[in-house]
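Chain and residue survey
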Amino acid sequence: MNEANLSGGDDVRARERLQYLRRAPLDLWNLLVHARHSYTFDWMPMVVRNMSWRQRFNMARAGLNLFHRRTTPWAWPLNMQIELTNYCNLRCPVCPTGNGGLSRKRQAMDVALFERLFDEVGPYLLTAALWAWGEPLLHPQLDKILAIASRYPATILLSTNGQNLDQPFIQECLRKFPPSYLIVAVDGLCDESNATYRQGARLDPVWRGVRELAAWKRNTGAQKPILHFRFIAMKGNEHEIPRIREVAVENGFDMVSIRSLSIIDSEEEQTHRTLLPDEKNLRAYQYSDGQRVRRADFVCQHAFNFPTVLADGTVVACDQDSDGEHAYGRISAVRSFSDVWRGPQAAGVRATVRDNPSQFSFCRNCPLADRTTSSCSLTGYALHPFTL
């Protein structure tokens with residue numbers, strides 16, 4: 001991995017935007033003529049086939065919004081994050097749930113609410129990430145949640161710390177209604193290094209659960225879930241990175257990604273800095289005289305096509321608004337997602353994100369804004385060929 005410059009011809013983000021523009025004609029042709037769209041989402045390859053006309057029309061309108069960033073978007077969201085629970089069985093120190101900073105009522109998303117939401121937006125979504133500030137496998141009706149999500153063509157992503165992955169109920173849910181990708185977050189190859197960040201974690205249930213799913217896939221020929229080993233590079237585990245591929249293969253994973261540690265919407269950055277890896281190329285940000293280097297070329301798109309729905313139905317511009325302080329509104333039995341998404345309150349939040357983001361603390365401490373790339377992951381690779 002080579003460290004990217006922050007400006008000039010080597011600017012990574014500028015190259016990403018240029019590649020997007022060069023690819024746009026082919027993408028549009030595949031979309032309109034072949035009803036197909038291929039893309040990469042945080043190093044995970046995605047393919048959407050047999051797209052309906054309303055999916056294609058919505059995607060074309062969303063593409064226009066990438067440039068205009070209208071306060072009332074032309075399109076439905078292409079991607080969505082949905083918080084199944086806002087509680088967790090671990091105590092990660094820079095997570096607002098793990099460190100006790102989350103002030104919202106502890107709850108799991110109501111299944112009826114999830115169903116209303118998915119029935120409304122599911123026909124348009126490319127991806128749905130079923131987690132935010134909690135451990136999704138702790139949802140008591142996970143089977144019903146995954147069954148609802150499986151009705152629609154969106155690529156379903158599920159991320160877990162794996163602490164209950166070996167439990168029979170969880171295994172049954174993931175086999176009966178498999179998500180497209182199961183991301184298993186492991187930040188150390190032994191209990192000691194993993195628990196430095198994922199405090200309270202044990203690796204035995206993680207490896208056991210992944211191996212059981214991998215064996216089931218081999219025996220049945222199932223393609224999903226794709227088992228994704230995700231590793232956050234930090235000071236206490238960076239020495240283990242050379243062994244990640246070996247351990248992932250041993251336990252039956254399909255792919256690996258190495259992620260850099262993001263900040264959160266918090267003034268307590270010191271905890272984050274104690275976890276920074278010594279290897280600069282493994283860091284999310286660059287530093288000068290002990291201060292994070294700020295970028296001026298970041299353009300937020302989350303507020304316009306990638307909302308987060310919290311466990312109580314509150315819709316926020318970005319998952320970094322972890323307490324929903326600047327919400328678009330709240331979905332309920334009498335208020336649809338469309339009402340919230342296209343409402344005046346949402347338009348006001350988007351206008352601030354677009355024109356004066358420093359007003360919001362979650363924008364000032366955005367985990368994406370000061371990166372040299374648009375992904376939180378540093379690299380990702382398949383351990384063997386797989387298809388969706």
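One structure accompanies this document, and this report is about it. (Residues numbered from 1 in each chain as written. Predicted model: local features only at pLDDT ≥ 70, side-chain atom pairs only at ≥ 80, totals over all residues. Heavy atoms only, no water.)

Under the criterion given, the structure shown has eleven salt bridges. Between K235 and D278 there is a salt bridge; the shortest N-O distance is 2.7 Å. A residue pair is termed long-range when its members are at least 10 positions apart, and K235 in the loop between strand 7 (226-233) and helix 8 (244-250) and D278 in the loop between helix 9 (269-274) and strand 9 (287-288) qualify at 43 residues. Taking relative accessible area as the criterion, D278 reaches 51% and is therefore assigned exposed. One salt bridge connects R294 with D370, and the closest N-O pair in it is separated by 3.0 Å. Residue R294 is found in the loop between strand 10 (291-292) and helix 10 (302-305), and its partner D370 is found in the loop between helix 13 (361-364) and strand 14 (377-382); the two are separated by 76 residues along the sequence. (Salt bridge = Lys/Arg side-chain N within 4 Å of Asp/Glu carboxyl O. Helix = DSSP H or I, 4+ residues; strand = E, 2+ residues; numbered from the N terminus. Buried < 20%, exposed > 50% of the residue type's maximum accessible area, 1.4 Å probe, protein only.)

To continue, consider a nonpolar patch on the surface. Among the surface-exposed residues, L26, L28, W29, L32, V33 and W53 lie close enough to one another that they form a single nonpolar patch of about 650 Å² accessible area. Per-element tally for the nonpolar patch: the top contributor is helix 1 (residues 12-33), with five residues. Among the structural elements, L32 can be located in helix 1. (Patch = residues over 30% accessible without salt bridge, like charges linked within 9 Å, V, L, I, M, F, W, Y side chains within 5 Å. Areas by Shrake-Rupley, 256 points an atom, 1.4 Å probe, with all protein chains shown as cover.)

What follows covers unusual backbone geometry. Note: most peptide bonds trans; most residues except glycine with negative phi. Backbone torsion omega between K224 and P225 reads 0°, so that peptide bond is classified as cis. You can see P225 is positioned in the loop between helix 7 (204-220) and strand 7. If you check the backbone angles, N50 has positive phi at about 50° while not being a glycine. Turning to its location among the elements, N50 is positioned in the loop between strand 2 (44-48) and helix 2 (53-68).

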